[in-house]
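Chain and residue survey
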Amino acid sequence: MKKFILPLMLLLLVGSILAVESAPSAVVGYVKYDCVAGDNMIALPMESDFAFASEVGEAIGASTIGYFDPTIPDWVLIDEYPWGGWTDEFAVANGDPLIIYNEDAMVFYSIGNLPATIPGYDLVAGDNVIMHPLNKGALDLGSLIGEDIGATSIGYFDNTIPDWVLIDEYPWGGWTDEFDTSIGKPLFLYTDNAGTWPSRARNNNIDSNSKIGAKK
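Residues numbered from 1 in each chain as written. Predicted model: local features only at pLDDT ≥ 70, side-chain atom pairs only at ≥ 80, totals over all residues. Heavy atoms only, no water.

**Description of the sheet that holds strand β9 (residues 151–158)**
Definition in use: Should DSSP find at least two bridges between two strands, the strands are taken to pair. Comment: elements are numbered from the N terminus, with helices defined as DSSP H or I runs of at least four residues and strands as E runs of at least two. Helix axes use the C-alpha atoms of the stretch in contact, all axes being lines fitted to C-alpha atoms, and the angles between their N-to-C directions lie in the range 0 to 180 degrees. Note on definitions: a residue-residue contact is assigned when non-hydrogen atoms from the two residues lie within 4.5 Å.
Taking strand neighbours across the sheet as the criterion, the four strands line up as β8-β11-β9-β10 in an open arrangement whose pairing is antiparallel. The sheet is open, and its two borders are formed by β8 (126–131) and β10 (163–168), each paired with just one other strand. Between one strand axis and the next, the sheet turns through 25° on average, direction left out of account. The pairing of β9 with strand β11 (residues 186–191) spans five bridges and is classified as antiparallel. Its bridge partner being in β11, A151 is matched across the sheet by T191. Packing of helix α3 (residues 142–149) onto the sheet brings it into contact with β8, β9, β10 and β11, and relative to β9 it is tilted by some 140°.

What follows is the structure in structure tokens.
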């Protein structure tokens, strides 16, 4: 099953490689994740048929998959048994950032319709893991996302280390470093205050600066 689904996803991609971004109501698109052998962060920015984590794991050939629970705060992981099946299960939804472990390098494409509503994230005071939303393409630097949220630390997962690369806001303004970010990218952040981001009242508008591989 694993060997069948990934090639099928790649075939679906071929028709959209050369197309341009269109209105959300008429778009099927994709976001690409280059994964190494080992730990990786992916997300589910496009609508898909995945309902459970095990389905994602089986589709991409991962042996471990998990999500960050900010109330612990820690990762909740499930593992695939060598004889089939998984140690546990959890539901997945559009916008979820996920950590995976896979034996081989591969490319994962989140392929599907643009979501009718861009999900917001309920942030706790402390550590959180989110996905760079599709309607925030203009915020193409880590510091810009951090300032928009009100976070004091923000970072991305470097799967070549593998670890999070973080930058911190100085008390007097500015940041210790900078990094590029784009829609669909999983991000780690620390904030002093609980809240919701982005505002759900503005979630239906896809940012014109968002770079989504798409076709009508």
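Next, the rest of the story.
**Looking at the side chain of N128**
Our working rule: Under the rule applied, a polar contact is a pair of N or O atoms within 3.5 Å (in protein, one hydrogen donor and one hydrogen acceptor; residues adjacent in sequence only if both atoms are side-chain atoms).
Here N128 is to be found in strand β8. Side-chain polar atoms of N128 contact the backbone oxygen of G126, separated by 3.0 Å. With near-sequence residues (within four places) excluded, N128 lies in contact with F68, P70, D122, L123, L187, F188, L189 and T191.

**Quick look at the packing of aromatic side chains**
Test applied: For Phe, Tyr and Trp, where Trp contributes only its six-membered ring, two rings pair if their centres lie within 6.5 Å, and the inter-plane angle classes them as stacked under 30 degrees, edge-to-face over 60, or tilted in between. Residue burial is assigned from relative accessible area. The probe radius is 1.4 Å, only protein chains are included, and a residue is buried under 20% of its type maximum, exposed over 50%, and partly exposed in between. Only when the NZ of Lys or the CZ of Arg is both within 6 Å of the ring centre and within 35 degrees of the ring normal is a charge said to sit over the ring.
Taken as a whole and judged by the stated rule, the model has nine aromatic pairs. When the centroid spacing of 4.9 Å and the interplanar angle of 10° are considered together, the rings of Y170 and W172 count as stacked. Judged by relative accessible area, Y170 falls into the partly exposed class, the value being 31%. A relative accessible area of 69% means that W172 is categorised as exposed. Feature note: the residues F157, W164 and F188 constitute an aromatic cluster, connected by ring pairs. Of note, K185 hangs over the ring of Y156, and the distance from its end group to the ring centre comes to 4.6 Å.

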